[in-house]
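Take a look at the letters that make up each chain.
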Amino acid sequence: MKVPNHLEMSTRTINSRLEEEDFFYLLYCKSREQELAFWNWTAQEKQDFLKMQYTYQCQSYQSQFPNIEAKIIYLEENPIGKLLTVQNRSELRLVDIIILPDYQGMGIGTHFLLELQNEAATIRLPLCLSVQTNNIKAFEWYLRRSFQIVSKNELYVSMHWSPED
């Protein structure tokens, strides 16, 4: 799998600590803007809700994935996204990837997903993830990148990509 040359030159990641990164909180808020726009809450209620939900998400990630690797995605010198992964003996797991809305559709997420697929192929492990069932855009994006459905429930679809597929 080939990564587009223009993205190789201008994108990079920097390791970070999930719980110490204000930028990750900003990304979380941006990822929920559309959803919250329909709620008849005050700005303070929205802010309190987002902070509580983000704190819960961080605690959940750290509880489920104690060896989580958190990276900030940069385009040129601008932080524009995050990439959370974890590897164990049986899989490489994409825990979360978020790109700021203004930078979506430029191939940046695909660039980093291809890098993860290349890494999974090199270490001969499947690349696994879960996507919310209501996130149709992301679900279809993963399907276009050869991910297969492993299982699903009312909240999440578990998917994997294997070098052998």
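The structure displayed is predicted, hence computed values, not measured ones. (Residues numbered from 1 in each chain as written. Predicted model: local features only at pLDDT ≥ 70, side-chain atom pairs only at ≥ 80, totals over all residues. Heavy atoms only, no water.)

Colleague: An account of the nonpolar core is requested, with residue identities and associated values reported.
Modeller: Ile73, Leu94, Leu127, Val131, Tyr142, Phe147 and Met159 are the most contacted members of the largest nonpolar core, which has 24 residues in total. When contributions to this core are tallied by element, the ones reaching two or more residues are strand 2 (69-75), strand 3 (78-87), strand 4 (92-99), helix 4 (108-123), strand 5 (127-132), helix 5 (136-144) and strand 7 (156-161). For this core, the element with the most residues is helix 4, which contributes five residues. The contacts of leucine 94, once residues within four sequence positions are left out, are Leu83, Leu84, Thr85, Leu113, Leu116, Leu127, Cys128, Leu129 and Tyr142. (Core = buried A, V, L, I, M, F, W, Y, C linked by side-chain atoms within 4.5 Å. Buried < 20%, exposed > 50% of the residue type's maximum accessible area, 1.4 Å probe, protein only. Helix = DSSP H or I, 4+ residues; strand = E, 2+ residues; numbered from the N terminus. Contact = heavy atoms within 4.5 Å.)

Colleague: Talk me through the pairing of strand 2; I want residue IDs and the actual numbers.
Modeller: A large share of strand 2 lies buried, amounting to five of its seven residues. Sheet topology places strand 2 next to strand 3; seven bridges connect them, and they run antiparallel. Bridging across to strand 3, tyrosine 74 finds its partner in proline 79. Here strand 2 folds back onto strand 3, and the loop between the two strands holds two residues, one of which, glutamate 76, carries a positive phi near 55°. (Pairing = 2+ DSSP bridges.)

Colleague: Which residues make up the pairing of strand 4, and what values go with them?
Modeller: Of all eight residues making up strand 4, eight are buried, and the element is well covered by its neighbours. In this sheet, strand 4 lies alongside strand 3 in antiparallel orientation, the contact comprising seven bridges. When the sheet's bridge partners are listed, glutamine 87 is paired in strand 4 with leucine 92. Between the antiparallel neighbours strand 3 and strand 4 lie four residues. Sheet topology places strand 4 next to strand 5; two bridges connect them, and they run parallel. Directly across from arginine 93, in strand 5, lies its bridge partner cysteine 128.

Colleague: Kindly report on the packing of helix 2 (residues 22-37) against helix 3 (residues 43-64), identifying the contributing residues and their values.
Modeller: In the contact formed by helix 2 and helix 3, the axes pass within 10 Å of each other and the chain directions differ by 125°. Classified by the angle between their axes, helix 2 and helix 3 sit oblique to one another. Considering how the two elements wind past one another, helix 2 and helix 3 form a crossing that is right-handed. Note on element contacts: helix 3 touches helix 2 through Lys46, Gln47, Phe49, Leu50, Lys51, Gln53, Tyr54 and Gln57, opposite Phe24, Tyr25, Tyr28, Cys29, Arg32, Leu36 and Ala37. Residues belonging to the contact of helix 2 with helix 3 are distributed by class as follows: nine nonpolar, three polar and three charged. (Axes fitted to C-alpha atoms, helices over the stretch in contact; angles between N-to-C directions. Parallel < 35°, antiparallel > 145°, perpendicular 65-115°, else oblique. Left-handed = near helix turned anticlockwise from the far one by under 90°. Nonpolar A, V, L, I, M, F, W, Y, C, P; charged D, E, K, R; others polar.)

Colleague: Describe the environment of asparagine 134, with residues and values.
Modeller: For asparagine 134, the position within the fold is in the loop between strand 5 and helix 5. Measuring from C-alpha to C-alpha, the distance between asparagine 134 and glutamate 154 comes to 9.1 Å, with 20 residues separating the pair along the chain.

Colleague: Describe in detail the environment of asparagine 88, supporting the description with residues and values.
Modeller: Here asparagine 88 lies in the loop between strand 3 and strand 4. The class for asparagine 88 is partly exposed, based on a relative accessible area of 40%. Through-space distance from the C-alpha of asparagine 88 to that of asparagine 67 is 8.9 Å; in sequence the pair is 21 residues apart. At a separation of 2.8 Å, a polar atom in the side chain of asparagine 88 contacts the main-chain amide nitrogen of serine 90. Side-chain polar atoms of asparagine 88 contact the backbone nitrogen of glutamate 91, separated by 2.9 Å. (Polar contact = N/O pair within 3.5 Å; in protein donor to acceptor, adjacent residues only side chain to side chain.)

Colleague: Describe the pattern of salt bridges, and please don't skip the residues or the numbers.
Modeller: In this structure the tally under the stated criterion is five salt bridges. Salt-bridge contacts for glutamate 33 lead to lysine 30; the nearest nitrogen and oxygen are separated by 3.5 Å. Linking glutamate 33 with lysine 30, this pair stays in helix 2, spanning three residues, or about one helical turn. When the shortest N-O distance is used, the salt bridge between glutamate 69 and lysine 71 registers 3.1 Å. (Salt bridge = Lys/Arg side-chain N within 4 Å of Asp/Glu carboxyl O.)

Functional significance is not addressed by these values, which are geometric in nature.
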